[in-house]
Protein chains: 2
Amino acid sequence: MTSNNNTLREKVAESLREAIVKGEIKPGTRLQEVEIAESYKTSRTPVREAFRQLETEGFLAIKPRRGAIVTEITARDIREFYEMKSVLEGFAARKAAENLTDAQIDRMEQLNLQLRECYDNSNLSSMISIHNQFHEIFVNAAGNEQLASLIRSLVNRFQRYRIALSHTDSILESVAQHERIIAAFRARDAEQAASLVSLNSQLGSKALMDNLKIAA
Amino acid sequence: MTSNNNTLREKVAESLREAIVKGEIKPGTRLQEVEIAESYKTSRTPVREAFRQLETEGFLAIKPRRGAIVTEITARDIREFYEMKSVLEGFAARKAAENLTDAQIDRMEQLNLQLRECYDNSNLSSMISIHNQFHEIFVNAAGNEQLASLIRSLVNRFQRYRIALSHTDSILESVAQHERIIAAFRARDAEQAASLVSLNSQLGSKALMDNLKIAA
DNA sequence: TAGATAATTCTTGTATACAAAAGACTACAA
DNA sequence: TTGTAGTCTTTTGTATACAAGAATTATCTA
């Protein structure tokens with residue numbers, strides 16, 4: 001994550017975000033300003049501002065004079081998220097196919113190998129990071145900065161649920177799909193790349209849904 | 001716009017947002033907390049929070065200890081915006097084609113007639129509202145609430161530039177395109193609806209770009 | 001006069017104090 | 001016992017006071 005630790009607000013926001021993503025603070029938990037302020041040894045002011053920021057990032061729901069609650073994410077939210085990711089990344093892939101340099105495609109290949117290794121070594125913390133790096137290469141190559149930043153914020157928002165996927169075999173499937181995506185990029189086949197990337201996102205959705213059913 | 005005037009923060013945010021959208025506050029203008037606070041007869045606290053909110057909505061850029069500046073939107077931003085709108089609304093249309101009721105399509109037809117009337121009467125303030133209502137019908141019918149809210153926030157963010165389009169003849173073209181979109185929805189032709197909606201968005205982009213060139 | 005550096009001012013970041021609203025609790029009556 | 005009214009507590013919303021960083025100006029030196 002980006003760490004602009006210049007102000008207390010950002011420190012508090014980053015710390016809370018991390019705790020929510022890691023699951024240390026459970027959905028439904030009510031966060032109170034004084035409580036958080038005391039635990040960070042600050043006043044309520046930076047905490048309030050951090051709350052607002054986390055609200056817009058989708059981690060907290062704030063009701064006027066009622067306080068902040070860590071958002072519960074429903075199966076519907078996840079379906080909607082992957083639907084958007086599928087559409088946006090698919091489009092990004094279509095545009096990227098024209099722009100990607102050979103070096104960038106090589107880099108994707110390298111990352112995909114690393115992803116496979118991480119799976120074999122059960123190194124799940126690296127896995128998410130590498131997975132994201134892989135996707136970011138073609139998303140950034142699409143030449144639409146706002147689109148890239150939008151996708152980044154969506155992915156970040158659902159990170160806490162995607163962590164669950166690191167365990168599953170869906171990773172292996174994903175690695176195989178990535179190989180086909182790389183081949184499509186090498187062939188500069190924009191339509192093929194777009195539809196494969198969309199498919200990859202749908203796999204994520206399916207895997208996460210199955211995982212939730214088991215957990216529930 | 002939604003008006004939750006419960007807190008001062010929201011009142012200030014809404015008022016500033018409106019002023020920026022209407023062009024009363026020009027891009028590049030630096031907003032200072034005390035100044036705004038005095039003009040609204042409040043303290044800095046609600047103003048600060050309103051600034052943060054407007055930052056996430058894309059109207060202000062805040063630099064640490066440097067203050068808030070009304071965002072300048074570049075030609076690139078506009079291109080990127082319409083590209084995203086095209087993709088997202090196109091997808092929404094594809095999904096909506098399966099869900100739209102006859103009554104909803106009738107409503108779209110009605111709105112499109114009103115849009116034509118407003119153009120004839122040069123009633124430009126209603127024009128934008130009606131145009132948005134038309135689009136919101138199929139966007140909401142796509143069955144993806146997050147997508148709908150994302151599109152809404154994007155459109156809202158670029159509202160201030162789209163105002164310029166109300167004058168132009170591109171409205172007439174848009175009305176004609178809307179008719180074809182309605183026909184596609186009536187025929188439940190999802191692919192046709194999707195591609196027509198994408199096209200409609202691209203028209204908006206082109207019209208706005210031309211308009212900016214003239215203005216510059 | 002030009003440049004650098006120190007002092008000052010201006011503005012935001014943070015802390016604390018006060019106001020008001022929502023929720024909890026108590027007491028009383030039916 | 002239960003429902004309701006009214007008070008009390010808790011927590012957020014707002015105002016103000018204080019701290020610190022950035023920008024600007026003034027001063028000094030080469």
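Residues numbered from 1 in each chain as written. Chains lettered and ligands numbered in written order. Predicted model: local features only at pLDDT ≥ 70, side-chain atom pairs only at ≥ 80, totals over all residues. Heavy atoms only, no water.

Participant: Help me out: how do you make sense of the overall build of chain A in this one?
Facilitator: Regarding its fold elements, chain A presents 9 helices and 3 strands. Taken from the N to the C terminus, the helices and strands of chain A come in the order α-β-α-α-β-β-α-α-α-α-α-α. For chain A, whose C-alpha radius of gyration is 19 Å, the value lies close to the compact-globule estimate of 17 Å for 216 residues. Here the C-alpha coordinates of chain A stretch approximately 55 × 40 × 30 Å along the principal axes. Within chain A, the fraction of its 216 residues that count as buried is 50%. (Helix = DSSP H or I, 4+ residues; strand = E, 2+ residues; numbered from the N terminus. Rg over C-alpha atoms; globule rule 2.2 N^0.38 Å. Buried < 20%, exposed > 50% of the residue type's maximum accessible area, 1.4 Å probe, protein only.)

Participant: What's the story with the side chain of Asn132 of chain B in this structure? I'm lost.
Facilitator: Positionally, Asn132 of chain B belongs in helix α6 (residues 124-140). Those residues in contact with Asn132 of chain B that sit more than four places away from it in its chain are Val155, Gln159 and Arg162 of chain B. (Contact = heavy atoms within 4.5 Å.)

Participant: Even after reading the chapter, I still don't get the pairing of strand β3 (residues 67-70) of chain B, so can you show me in this structure?
Facilitator: All names here are of chain B. Of the two faces of β3, the one holding Ala68 and Val70 is buried and the one holding Gly67 and Ile69 is not buried anywhere. Where strand β1 (residues 30-31) meets β3, 2 bridges bridge the pair, whose relative direction is antiparallel. Within β3, the position partnered with Leu31 by the bridge is Ala68. Of the pairings in the sheet, the one linking strand β2 (residues 60-63) to β3 comprises 4 bridges and is antiparallel in character. (Pairing = 2+ DSSP bridges.)

Participant: Please explain the protein's contact with DNA strand C as it appears in this structure.
Facilitator: With respect to spatial proximity, 20 residues lie near DNA strand C, and among them Leu8, Ser43, Thr45 and Arg66 of chain A together with Arg48 of chain B are the closest. A share of 70% is what sugar and phosphate atoms reach among the atoms of DNA strand C within 4 Å of the protein. In this structure, a phosphate oxygen belonging to DNA strand C sits 3.0 Å away from a side-chain N or O atom of Gln32 of chain B. Here a base nitrogen of DNA strand C sits 2.9 Å away from a polar atom, N or O, in the side chain of Arg44 of chain B. When residues of the surface near DNA strand C are traced back to their parent elements, those giving at least two are α1 (8-21) and α3 (44-56) of chain A together with β1 and α3 (44-56) of chain B. (Near = heavy atom within 4 Å. Polar contact = N/O pair within 3.5 Å; in protein donor to acceptor, adjacent residues only side chain to side chain.)

Participant: Just checking my understanding: could you explain the sheet that holds β2 of chain B for this structure?
Facilitator: Within a sheet, each strand pairs with its neighbour through backbone hydrogen bonds, oriented either parallel or antiparallel. Residue and element names in this part refer to chain B. Strand order in this open sheet of 3 strands is β1-β3-β2, and the pairing throughout is antiparallel. With one partner strand each, in any of the chains shown, β1 and β2 form the two edges of the open sheet. Strands β1, β2 and β3 of the sheet are contacted by α3, whose axis makes an angle of about 115 degrees with β2. (Axes fitted to C-alpha atoms, helices over the stretch in contact; angles between N-to-C directions.)

Participant: Sorry, what's going on with the domain arrangement of chain A here?
Facilitator: Note: interface size is frequently given as the accessible area lost on complex formation between the parts. All names here are of chain A. Looking at the assigned domains, one finds that chain A contains domain 1 (8-70) and domain 2 (75-215). The centre of domain 1, based on its C-alpha atoms, is set 29 Å off from the matching centre of domain 2. Listed by partner, the interface residues are 8 residues for domain 1 and 6 residues for domain 2. Between domain 1 and domain 2, the buried area comes to about 580 Å², and carbon and sulfur atoms account for 55% of it. Broken down residue by residue, the surface that domain 1 buries against domain 2 is led by Val21, Gly58 and Phe59, which jointly contribute 60%. At the boundary of domain 1 with domain 2, the tally comes to 0 salt bridges. There are 0 residue pairs in polar contact (both at pLDDT 80 or more) connecting domain 1 and domain 2. A class-by-class count of the residues in the side of domain 1 that touches domain 2 yields 5 nonpolar, 1 polar and 2 charged. (Domains from an automatic or database assignment. Buried area = accessible area lost by both parts, 1.4 Å probe. Salt bridge = Lys/Arg side-chain N within 4 Å of Asp/Glu carboxyl O. Nonpolar A, V, L, I, M, F, W, Y, C, P; charged D, E, K, R; others polar.)

Participant: Mind showing me how you'd approach the interface of chain A and chain B here?
Facilitator: The interface is formed by 25 residues belonging to chain A together with 25 residues belonging to chain B. Inspection of the chain A/chain B interface yields 6 salt bridges. With its nearest N and O atoms 2.8 Å apart, the salt bridge here joins Arg48 of chain B to Glu49 of chain A. Remark: the boundary between chain A and chain B carries 16 residue pairs in polar contact (both at pLDDT 80 or more). Elements with a minimum of two residues in the side of chain A that touches chain B: α1, α3, α4 (75-99) and α7 (145-162) of chain A. For the side of chain A that touches chain B, the leading source of residues is α4 of chain A, giving 11 residues. Residues belonging to the side of chain A that touches chain B are distributed by class as follows: 8 nonpolar, 4 polar and 13 charged.

Participant: What's the story with the pattern of salt bridges in this structure? I'm lost.
Facilitator: Pairing between side chains becomes possible if they bear opposite charge and their charged atoms approach one another. Under the definition given, this model contains 38 salt bridges over all chains. In this structure, Glu49 of chain A engages Arg9 of chain A in a salt bridge whose closest nitrogen and oxygen atoms are separated by 3.9 Å. A residue pair is termed long-range when its members are at least 10 positions apart, and Glu49 of chain A in helix α3 and Arg9 of chain A in helix α1 qualify at 40 residues. Arg9 of chain A matches Glu49 of chain A in its accessibility class, with the two residues each being buried. A salt bridge links Arg186 of chain B to Asp106 of chain B, with the nearest nitrogen and oxygen atoms 2.9 Å apart. Here Asp106 of chain B lies in helix α5 (residues 102-120) and Arg186 of chain B lies in helix α8 (residues 170-186), a separation of 80 residues in the sequence. The exposure class of Arg186 of chain B is partly exposed, given its relative accessible area of 38%. By relative accessible area, which is 40% here, Asp106 of chain B ends up partly exposed. Here the residues in one salt-bridge network are Arg9, Glu10 and Glu49 of chain A together with Glu33, Arg44 and Arg48 of chain B, joined through shared partners.

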